[in-house]
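# Working through the structure, step by step
One-letter residues, chain by chain:
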Amino acid sequence: MAGRLSLPEEDLTCPICCAIFRDPVVLKCTHSFCAPCLQQYWTGRGRRRDCPLCRTQNLDDPVPSLTLKNLCESCVQEESLPVEETGGELYCDPGEMCPVHNEKLKLYCLLDKEPICVVCHTSRKHKQHDCCPISEAVLDVKEKMKSAISSLQEKRDAFDKMKKNCEDAVTHIQAQAQFVERRTHEEFDKLHSFLRVEEESRMETLRREEEQKTGQMRQMMEEIERSMSSMSETIRVLEEEMALEDLSVLHKCKSTLARANVPVGEPVMAPAALIDVAKYVGSLTFQVWEKMHKIAKYTPVTLDPNTAAPWLVLSDDLTTVHDSDEKQRLPNNPERFDPDTAVLGRDGMASGKHAWEVNVGDNTAWVVGVAKESIKRKEKVSSVLNNGYLCVYFYHKMYFAGTSPLTRLSLKRNPQRIRVQLDCEKGKVSFYDPHNNTHIYTFKHAITEAVFPYLWVGCQKCPLTVEPVDVFLKLADF
């Protein structure tokens, strides 16, 4: 609650003339006097230049006190105002008063960063400190606050932008999960379909072999039954003739014995009469896998959609890319190219040998090669060796190697495919036309960090496609 205090004039009064300071000056001992009063005092003292109050000798000239002068002039102006305007007394908030000297805080110490009174200004604590009026300090502080507000608003806008980007990222992640789920189901459906067809084919082959070999066994059983029936009849006749007496046995036995002595071969099972169980169940998984690899497509490079520029469109199997007019709404993640219309392969390479082919077809603007992991992706840069790229270019119907400056290439034919061969240990990246294995260009550059397959496309009519390769199964030698 504001208090009612009188403005103390004694601290604004010259000790010599006992009036409000006129042209105040400050001595080295920090006491203040009117300049004319002090000069008159010293004139009567001869050569002695001591302080009228503390008698301290002052060899230096007195220093004018502009702050004290302003305060005195302000006090004189307030005293000249009518009582109605000033109310006869000055009302001050306790917070505006110096807690030490009970004086109004009219100065701001720039060194100590605190409001002070006139007495504080001449005290030891703030002696010879730079000060300014409170009003100026308030303006300075408000300017700093304004600047701080502006800075915080910019930061808040940046955070708001990042929050929106995170919200977009959440939506995109959900869309990615749905896409992966759909593609996984599609691929496994193909595998399941293949396995079902393969299982049914094997069961059908088994059923046919079972019917065939069962029929052979039944035919053999019928032949055996006929032989057994014939032998049973012969046995019966022989038994009847044996029951006869005298010469009748001799008359009939000749033909009966001849019939009994006809040679009959013993039944023998034919070879391979049983089902070849080993053929069906031996290394069954491997046999199915061996057939499956013929339908499985493998590409040595899989394009990474998280690096693709927003204008690029990738195929579902992540092997084909083409340019478009429409910029997709994608998260601005650190890996993504923007604004450059480029995309990287998923896997980086820092050792070993690698090769892949890119079908460029009739594309009129493309770049094929490798890029270092440290390349700049958020600004449009010249894709040359100095910027971390080892590539060949086709632009304006001309071929170039990405040296600094570019190297013009003279090719006898326009290749439809470009083969990239990377040897990390030798630090070589070579390019060929696989149609006739013609060498196009070779970079010799040490591979000191991971490099990624790199594609840049500037034509909407024809895509770039990473070609699949044939895969063969090889058994280990023992």
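Residues numbered from 1 in each chain as written. Predicted model: local features only at pLDDT ≥ 70, side-chain atom pairs only at ≥ 80, totals over all residues. Heavy atoms only, no water.

Take the overall build of the protein chain next. Of the regular secondary structure elements, the protein chain holds eight helices and 21 strands. Rg of the C-alpha trace for the protein chain: 54 Å, well past the compact-globule value of 23 Å for 478 residues, more than 25% over. Reported as C-alpha extents along the three principal axes, the dimensions of the protein chain are approximately 200 × 65 × 45 Å. Residues counted as buried form 31% of the 478 residues belonging to the protein chain. Contacts in the protein chain between residues at least 24 apart in sequence constitute 58% of all its contacts with a sequence separation of at least 6. In the structure as shown, the protein chain presents an accessible area of about 31800 Å², 55% of it carried by carbon and sulfur atoms. Taking the average location of the 62 positive side-chain charges in the protein chain and that of its 71 negative ones, the two points are 7 Å from each other. (Helix = DSSP H or I, 4+ residues; strand = E, 2+ residues; numbered from the N terminus. Rg over C-alpha atoms; globule rule 2.2 N^0.38 Å. Buried < 20%, exposed > 50% of the residue type's maximum accessible area, 1.4 Å probe, protein only. Contact = heavy atoms within 4.5 Å. Areas by Shrake-Rupley, 256 points an atom, 1.4 Å probe, with all protein chains shown as cover. Lys, Arg positive; Asp, Glu negative; His and termini not counted. Charge placed at Lys NZ, Arg CZ, Asp CG, Glu CD.)

On to the state of the cysteines. Evaluation of the coordinates by the stated rule reveals zero disulfides. Cys34 carries a free sulfur, and the closest cysteine sulfur to it, the one in Cys14, is 3.8 Å from it. For Cys34, a relative accessible area of 0% gives the class buried. (Disulfide = S-S within 2.5 Å.)

Next up on the list: the UniProt feature "coiled-coil region" (unreviewed entry) in the protein chain. UniProt's entry tags residues 203-241 with the feature "coiled-coil region" (unreviewed entry), counted in the numbering of this structure. As a span, residues 203-241 carries 100% helix and 0% strand, and end to end its C-alpha atoms are 57 Å apart. (UniProt positions renumbered as here; feature names shortened; annotations may be inferred.)

Next up on the list: the nonpolar core. If you look at the biggest cluster of nonpolar residues, it comprises 53 residues, and the most contacted ones within it are Val321, Trp366, Tyr454 and Leu455. Setting aside residues up to four positions removed in sequence, Leu455 forms contacts with Leu303, Val321, Thr341, Ala342, Val343, Val358, Val367, Val368, Leu464 and Val466. In terms of nonpolar packing, the next biggest core, distinct from the first, is built from 18 residues, Phe21, Cys29, Leu71 and Val118 among them. (Core = buried A, V, L, I, M, F, W, Y, C linked by side-chain atoms within 4.5 Å.)

Note that side chains of opposite charge can pair when their charged atoms are close. A full pass over the atoms with the stated rule returns 26 salt bridges. Between Arg49 and Asp61 there is a salt bridge, and its shortest N-O distance comes to 3.1 Å. Of this pair, Arg49 sits in the loop between helix 1 (35-43) and strand 4 (63-64) while Asp61 is found in the loop between helix 1 and strand 4, placing the two residues 12 residues apart along the sequence. In this structure, Glu187 engages Arg183 in a salt bridge whose closest nitrogen and oxygen atoms are separated by 3.1 Å. (Salt bridge = Lys/Arg side-chain N within 4 Å of Asp/Glu carboxyl O.)

On the surface, Lys353, Lys426, Lys428 and Lys444 cluster together to form a positively charged patch. With respect to the secondary-structure elements, Lys426 resides in the loop between strand 17 (417-423) and strand 18 (428-433). Given the relative accessible area of 60%, Lys426 is considered exposed. (Patch = residues over 30% accessible without salt bridge, like charges linked within 9 Å, V, L, I, M, F, W, Y side chains within 5 Å.)

This brings us to the sheet that holds strand 13 (residues 366-372). What the six strands build is an open sheet, ordered 11-20-13-14-15-16; its pairing is antiparallel. Strand pairing shows two members of the sheet lacking a second neighbour, strand 11 (342-344) and strand 16 (407-409), which therefore form its edges. Sheet twist, expressed as the mean angle between neighbouring strand axes with direction ignored, is 25 degrees. Strand direction decides the pairing type here: strand 13 and strand 20 (residues 451-457), joined by seven bridges, are antiparallel. From the neighbouring strand, Val370 faces strand 20, where its bridge partner is Pro453. (Pairing = 2+ DSSP bridges. Axes fitted to C-alpha atoms, helices over the stretch in contact; angles between N-to-C directions.)

Take the domain arrangement of the protein chain next. By a widely used convention, the size of an interface equals the accessible area lost when the partners come together. Along its sequence, the protein chain is carved into domain 1 (9-64), domain 2 (180-293) and domain 3 (312-467). With centres defined by C-alpha atoms, the gap from domain 2 to domain 3 works out at 65 Å. (Domains from an automatic or database assignment.)

Before going further, it helps to examine the sheet that holds strand 12 (residues 353-359). Pairing is antiparallel in the open sheet, where seven strands are placed in the order 9-10-21-12-17-18-19. Sheet topology places strand 9 (313-314) and strand 19 (438-444) at the edges, where each strand pairs with a single neighbour. Summarising the sheet, strand 17 and strand 18 pair through five bridges and their orientation is antiparallel. Within strand 18, the residue paired with Asp423 across the bridge is Lys428.

By the definition in use, this model includes eight aromatic pairs. Ring centres 5.9 Å apart and planes at 80 degrees place the aromatic pair Phe286 and Trp289 in the edge-to-face group. Note that Phe286 and Trp289 are positioned in helix 8 (residues 284-292) at a spacing of three residues, about one turn of the helix. Residue Phe286 is classed as partly exposed on the basis of its relative accessible area, which comes to 28%. An aromatic cluster is built from Phe337, Tyr389 and Tyr454, whose rings are joined through pairwise contacts. (Phe/Tyr/Trp six-rings, centres within 6.5 Å; stacked < 30°, edge-to-face > 60°.)

Time to look at unusual backbone geometry. A cis amide bond links Asp338 to the next residue, Pro339, at an omega of 25 degrees. Among the structural elements, Pro339 can be located in the loop between strand 10 (320-322) and strand 11. Residue Pro405 follows Ser404 across a cis peptide bond; omega there is 0 degrees. Phi at Thr30 takes a positive value of approximately 80 degrees, unusual for a residue other than glycine. Mapping Thr30 onto the fold places it in the loop between strand 2 (24-26) and strand 3 (32-34). By relative accessible area, Thr30 is classed as partly exposed at 22%. Its identity as a non-glycine residue notwithstanding, Lys397 has a phi of 60 degrees, on the positive side. Of note, Lys397 is situated in the loop between strand 14 (389-395) and strand 15 (398-401).

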